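Descriptive analysis of the structure
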Amino acid sequence: MTENSTSEAVFSDTASYRGRVRSHLPEDHPLQRSRADHGTADAPLLARYRGVATDAPPSVWFMRQAGRSLPEYRKLREGTTMLDSCLIPEMAAEITVQPVRRHRVDAGIFFSDIVVPMRLAGLEVEIKPGVGPVFARPVRTEADVDALPVLDDSFEEALEPIRQAVRLTVTELGSTPLIGFAGAPFTVASYLVEGAPSRDHLAARALMRSRPEVWERLATWVAEASGRFLRAQVLAGASAVQQFDSWAGSLSEQTYRTGALPYSRALFEHVADLPVPRVHFGVGAAHLLTPMHEAGATVMGVDHRITLAEAARILPTGTPLQGNIDPAVLFTDEAVRFAEADAVLASGAAASGHVVNLGHGVPPETDPQVLTDLVAYLHEQTAAACSAPSAHGDAPATIGAAG
């Protein structure tokens, strides 16, 4: 089989799929209703994602807020593997809602994993405790790419547990927005190449340089699967989305532009026609803020290695920001935590809109009460701390196909 014919086989249904998708939200979507009607159209968090000023208290949620730090999560998950828990709609919905119920955060992040689309496509992958995602057969050669499953209508059918989980979740959340989630193609494709977590991603980075055509086909396939996964969440009820790139920080800007940006852009294109904010977050990626924004983000997540004020200076005028309390302060005393929160609010005021988050995920050893108290403290602060005009001007960020 030739390379061209193989590509046609792997992506044979992509064109017909895109010809069938709807470019509008369903009538019963939460964004079609106000908070008074148990919808999210006027949720303050979404206003801040759009760079629109609001008098509401600061908005906050945490990456990895659902998970091992919560005793109710550990009890619910007993006897169920991580990936299975993501694919049992009732369990995934309950896990997503648990931190909203406990901490009173302003958004739920859909409980899933970046390799779930790979599992639904038919690849053999498990998340081994203490290790992470492990694929039975790494993808490192042209023949391996040839063997990737075709993303046809059966993949759309396989996404139904995701849709069901989102529907159950948004019913429970009511006027609290749900954020959809997908892993960036560079990180997911790197897992596929390495076969398991890696400190330096040498095999993936080597493939990008030695066989760029193989890397391109693999990353394109991942972007297609993850993009459909993300779109399914939005159409089922998610009010915003986040693309999470765990490993992008290992790349130079030039390498990111050639080997990662096109595929992150392709992922975002799956939801670019829908009126939802698009957050892009990378770990250790301060040097990549500009190209990551160019991938189609309307909001930039910022980790704790750079201040929000500095990020606002780097990014285009009017770009809303998310972040970036250092997770380390969760293990300090209350005075240190609250001082960090104050500093982040002040720094975030440089942006047209700011949603408070951590500079990475909640560590599993975190005392849940610390998060609950931190959210309460943030909600007590004045809206002025997070609604100040941007240092670059007052223009709001654009949400939609041109965003």
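Up top is the structure these notes are about.
A quick note: this is a predicted structure, and the numbers were derived from the prediction, not measured. (Residues numbered from 1 in each chain as written. Predicted model: local features only at pLDDT ≥ 70, side-chain atom pairs only at ≥ 80, totals over all residues. Heavy atoms only, no water.)

Another aspect to go through is the sheet that holds strand 9 (residues 354–355). Read from one edge to the other, the open sheet built from 7 strands follows the order 1-4-5-6-7-8-9, with strand pairing classed as parallel. The outermost strands of the open sheet, each flanked by one partner alone, are strand 1 (108–109) and strand 9. Note that strand 8 (residues 321–322) and strand 9 share 2 bridges and pair parallel. Within the sheet, the bridge partner assigned to L321 lies in strand 9 and is H354. (Pairing = 2+ DSSP bridges. Helix = DSSP H or I, 4+ residues; strand = E, 2+ residues; numbered from the N terminus.)

Next up on the list: the pattern of salt bridges. What the rule picks out here adds up to 19 salt bridges. In this structure, E94 and R101 form a salt bridge, with 2.9 Å as the shortest nitrogen-oxygen distance. Classification of E94 by relative accessible area gives partly exposed; the value is 28%. Close ionic contact of E224 with R228 constitutes a salt bridge, the shortest N to O distance being 3.0 Å. Of this pair, E224 and R228 both sit in helix 13 (residues 212–236), separated by 4 residues, roughly a single helical turn. (Salt bridge = Lys/Arg side-chain N within 4 Å of Asp/Glu carboxyl O. Buried < 20%, exposed > 50% of the residue type's maximum accessible area, 1.4 Å probe, protein only.)

On to the nonpolar core. In terms of nonpolar packing, the biggest core is built from 125 residues, with Y49, W61, F62, M118, W215, L218 and L321 touching the most fellow members. No other element matches the 13 residues that helix 13 contributes to this core. Among residues more than four places away in sequence, those in contact with W215 are F186, A189, S190, V193, A204, L207, M208, G259 and Y263. (Core = buried A, V, L, I, M, F, W, Y, C linked by side-chain atoms within 4.5 Å. Contact = heavy atoms within 4.5 Å.)

Along the chain, G323 connects to N324 via a cis peptide bond; the corresponding omega equals -15°. Structurally, N324 is set in the loop between strand 8 and helix 18 (334–348). Phi at R64 takes a positive value of approximately 60°, unusual for a residue other than glycine. When you line up the elements, R64 lands in the loop between helix 3 (44–49) and helix 4 (71–77). Positive phi outside glycine occurs at R104, with the angle close to 65°. You can see R104 is positioned in the loop between helix 6 (89–103) and strand 1.

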